[in-house]
Amino acid sequence: MSQAPSVNPRHVLDVKTLEMLVCPLTKTRLMLSADRTELISVAARLAFPVVNGVPLLSLDEARTVEPEALRELPDLKDGH
């Protein structure tokens, strides 16, 4: 039986930190992706990578998110 590799606690994005971060383009709040690897700006339709627990909030690092993918985010599914 194989176990999932343990994650270094220093590489986990703290929820309190997430609450303070905003999109560098729109200054709106960011959402953590379900797999916790990206911070998503719904307003800008951009996803910023989280590498070793550090969000890379540079527009050069961001990728474009398709509107269909945004609708799949948990908060938006519930109509928030």
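Residues numbered from 1 in each chain as written. Predicted model: local features only at pLDDT ≥ 70, side-chain atom pairs only at ≥ 80, totals over all residues. Heavy atoms only, no water.

## Focus: the environment of glutamate 66
Inspection of the secondary structure assignment puts glutamate 66 in the loop between strand 5 (63-64) and helix 2 (67-71). A relative accessible area of 49% means that glutamate 66 is categorised as partly exposed. Placed 21 residues apart in sequence, glutamate 66 and arginine 45 show a C-alpha to C-alpha distance of 7.0 Å. (Helix = DSSP H or I, 4+ residues; strand = E, 2+ residues; numbered from the N terminus. Buried < 20%, exposed > 50% of the residue type's maximum accessible area, 1.4 Å probe, protein only.)

## Digging into the pattern of salt bridges
In the structure shown here, the tally under the stated rule is 2 salt bridges. A salt bridge links arginine 63 to glutamate 38; the shortest N-O distance between them is 2.7 Å. With a gap of 25 residues between them, arginine 63 in strand 5 and glutamate 38 in strand 2 (residues 38-41) connect regions that are remote in the sequence. Owing to a relative accessible area of 14%, glutamate 38 belongs among the buried residues under this scheme. Residue glutamate 68 is joined to arginine 71 by a salt bridge in which the shortest nitrogen-to-oxygen separation is 3.9 Å. Taken together, the positions of glutamate 68 and arginine 71, both in helix 2 and 3 residues apart, correspond to about one turn of that helix. (Salt bridge = Lys/Arg side-chain N within 4 Å of Asp/Glu carboxyl O.)

## Observations concerning the pairing of strand 2
Because side chains alternate across strand 2, one face comprises the buried residues Glu38 and Ile40, and the other comprises Leu39 and Ser41, equally buried. Across 2 bridges, strand 1 (residues 31-32) lies against strand 2 in antiparallel orientation. Note on strand 2: the bridge partner recorded for methionine 31 is isoleucine 40. Connecting the antiparallel pair strand 1 and strand 2 is a turn made up of 5 residues, with arginine 36 showing a positive phi of about 65°. The pairing of strand 2 with strand 3 (residues 46-51) spans 4 bridges and is antiparallel. Within the sheet, the bridge partner assigned to leucine 39 lies in strand 3 and is phenylalanine 48. (Pairing = 2+ DSSP bridges.)

## Structural notes on the confidence of the model for the chain
Counting all residues, the mean pLDDT for the chain is 83, and 79% of those residues have values of 70 or more. Here helix 3 (residues 74-77) stands out as the element of the chain with the lowest mean pLDDT, 61, in contrast to strand 5, whose mean of 97 is the highest. (pLDDT = per-residue confidence, 0-100.)

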